[in-house]
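Residue-level structure breakdown
The chain contents come next:
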Amino acid sequence: MKIKVRVSHEKDTKYASLICKIIKESAKKRGTGIAKKDPEYIKSIMIHGNAIIAFCDEKLAGFSYLDIFQNKEFVVNSGLIVFPEFRKQGLAKIIKIEIFKLSKKKFPNSKIFSITTSNPVIKINTELGFKPVAFSELTQSEEFWKGCKSCANFDILTRNQRKMCLCTGLLYNPNTKNKSKKNINYLSTGDKIVLAYSGGLDTSYCLKYLIQERYEVHTVIINTGGFNKDELKKIKNRALSIGSQSHRTIDAIEEYYHNCIKYLIFGNILKNNTYPLSASSERIFQAIKIAQYATSIQAKAIAHGSTGAGNDQIRFDIAFQIICPEKITLSPIRDRKISRKEEIEYLINQGISICWDKAKYSINKGIWGTSIGGKETLTSYHDFPEKAYPTKLSRKKSEKLELEFEKGELVSVNQKKGNAIKNIIKIEKIASKFAIGRGIHIGDTILGIKGRVAFEASAAIIIIKAHHLLEKHILTKWQLYWKEQLSNWYGMLLHEAQYLDPVMRDIEKFLNSTQKRLTGTVNLILYPYRFHLVGIKSKYDLMASSNMAEYGEMNYAWTAEDVKGFTKILSNQMKMYHNLNKKEE
């Protein structure tokens, strides 16, 4: 259905008689009234461009007009009708918003008011910034109130000396200093929306749906390492073919690494000692870039394809509320509670069929790993099948791997220097052939429910474990202890959508401080499905550089008597405790 809503002009006068007829019939059916107007009056309104007229598939579908009173002090929005065959399509709201915008444009200093018994109209007006008021705050023009004579409840109005009736009076005052923020919290036909678009079923549904709702939709994808050039090109072509006004690809890999991955390595962070936060760590950087892009093209709203049952909806929503609070956030699948089956049927009916129903597993790939969801992850007992993992075992002969770190950052793989991002990609290519880094993570979602997801993250797992081994040789006991405490908090807060809280910057400063001496090499051996940490070499190795003792063998820095005295003092408090207990017994 093609809907067109516009300001009236002289050629629309041919519809005046039909509009008056529908107004009368509508008032009779509701048992209330809309101020009765004759066709000549409606024609005059139309000629002066003081009405909004709507068409569905070129057929007249709806109407509303404005009128002025008391030397332009008041503007009334009135006569809102939608023809019966076009009702329940959201058309009334569109017309109402457009007549409100027209009133503000033509009479920016006038108070705009409406009286109605319709709860949906009251709701729309409230969202636009109108407030319920007594009739005494509305126009006192006799010409306006005379129009109420055609209403079935006119006797109620007169009995109450025009102070009240069944209608609710609603007023928008542009001169009120503290105007409700809700007057900007609505979308109109043609408003610009930025949609976070991955090219999959959910975001393709959102794109088509928002276009059908008559918004100007611009798609954007934030690449955090999960797409190659060909894939990004296909996603762009798909977005444009569905109807996106424009499509933008934004590379955020560098920012993602320096502002997040680096600290996941410094902290040796694995959620529940299992999952390297592959997907959850990406979302905040995608959200930040999306918000920045939406601001740059002056979009009024941002949309995403999250459902109502996952973590990502919260990550996106929180980021948008903080970074661009003036923008409206939309999530059509969540808001409309649409199932995967309904999405597919909708797109097929719109002529878009890309065989989404054949994809049994949802895959989210990034530089820090790939998460995989399917029917098995919706249960607590089914194993995840080998065929569901994107990369397959292709190498069975063991292989050595050497990683070099400088101040905690990965600078070399197998003695070949490179920046950290290239090194992560290189390790992924080597280790994924061994099917290393697979697992199933069971965790607590932000919503409070348990979630299960499969993943493969060979580079992330290997780098974290190698880095941790190096730390165990270089850092002191208490550095390791407090690092573990704060790192767990960092990972949990990141997962829980709290990345923008300043405490995260505080923890990052601590983590940076712990990496000052974290320089050395780590040797590993890769096998099918697993790897072995062989050992490390570092000039800061507290084990190798110690000339005090060899653990379990010989000591050079203390005597047997020293140890006896040390144990006496170390055990003092425990001895006091247990001696006191003996007396009490």
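Preceding this paragraph is the structure being described.
About the cut-offs
Residues numbered from 1 in each chain as written. Predicted model: local features only at pLDDT ≥ 70, side-chain atom pairs only at ≥ 80, totals over all residues. Heavy atoms only, no water. Buried < 20%, exposed > 50% of the residue type's maximum accessible area, 1.4 Å probe, protein only. Helix = DSSP H or I, 4+ residues; strand = E, 2+ residues; numbered from the N terminus. Right-handed = clockwise from strand over helix to strand, strands pointing away. Phe/Tyr/Trp six-rings, centres within 6.5 Å; stacked < 30°, edge-to-face > 60°. Lys NZ or Arg CZ within 6 Å of the ring centre and 35° of its normal. Salt bridge = Lys/Arg side-chain N within 4 Å of Asp/Glu carboxyl O. Patch = residues over 30% accessible without salt bridge, like charges linked within 9 Å, V, L, I, M, F, W, Y side chains within 5 Å. Areas by Shrake-Rupley, 256 points an atom, 1.4 Å probe, with all protein chains shown as cover. Contact = heavy atoms within 4.5 Å. Axes fitted to C-alpha atoms, helices over the stretch in contact; angles between N-to-C directions. Parallel < 35°, antiparallel > 145°, perpendicular 65-115°, else oblique. Left-handed = near helix turned anticlockwise from the far one by under 90°. Nonpolar A, V, L, I, M, F, W, Y, C, P; charged D, E, K, R; others polar.

1. Considerations on the pairing of strand β8 (residues 192-196)
The buried count for β8 comes to four of five residues, which makes it a mostly enclosed element. Once you follow β8 into helix α7 (residues 201-212) and on to strand β9 (residues 216-223), the crossover reads as right-handed.

2. As for the packing of aromatic side chains
Tallied over the full model, the rule gives 23 aromatic pairs. An aromatic cluster of at least three residues, connected via ring pairs, comprises F69, F74, F113, F135, F144 and W145. Taking NZ or CZ as reference, R505 lies 4.3 Å from the ring centre of Y499, over its face. R530 extends its terminal NZ or CZ atom over the ring of Y527, reaching a point 4.1 Å from the ring centre.

3. Remarks on the pattern of salt bridges
Pairing is possible between side chains that carry opposite charge, provided their charged atoms lie close to one another. The full count for this structure, using the stated rule, is 25 salt bridges. For K289, the salt bridge goes to E255, with nearest N and O atoms at 2.9 Å. Of this pair, K289 sits in helix α10 (residues 278-296) while E255 sits in helix α9 (residues 253-266), and the two are 34 residues apart along the sequence. With a relative accessible area of 17%, K289 lands in the buried category. Residue E255 is classed as partly exposed on the basis of its relative accessible area of 24%. A salt bridge links R283 to E282; its shortest N-O distance comes to 3.6 Å. The two residues R283 and E282 agree in class, both being buried. Where salt bridges share partners, they join E282, R283, D312 and R315 into one cluster.

4. Here we look at a nonpolar patch on the surface
Taken together, I322, I323 and L500 make up a surface patch of nonpolar side chains, about 230 Å² in accessible area. Relative to the helices and strands, I322 is located in helix α11 (residues 312-323).

5. Points about the environment of K465
Structurally, K465 is set in helix α15 (residues 458-474). Using a relative accessible area of 34% as the deciding quantity, one classes K465 as partly exposed. For the pair K465 and N268, spaced 197 residues apart in sequence, the C-alpha to C-alpha distance is 7.1 Å. Excluding residues within four positions of it along the chain, K465 makes contact with L270, F531 and L533.

6. Here we look at the packing of α7 against helix α8 (residues 229-242)
At their nearest, the axes of α7 and α8 sit 10 Å apart, and the two run at 25° to each other. The angle between the axes of α7 and α8 places the two elements in the roughly parallel class. In this structure, α7 meets α8 at a crossing whose hand is right-handed. Contact with α7, carried on its side by S204, L207, K208 and I211, involves R238, A239 and I242 of α8 and no other residues of that element. Of the residues assigned to the contact of α7 with α8, the class counts are four nonpolar, one polar and two charged.

Shape descriptors only; they carry no functional weight alone.
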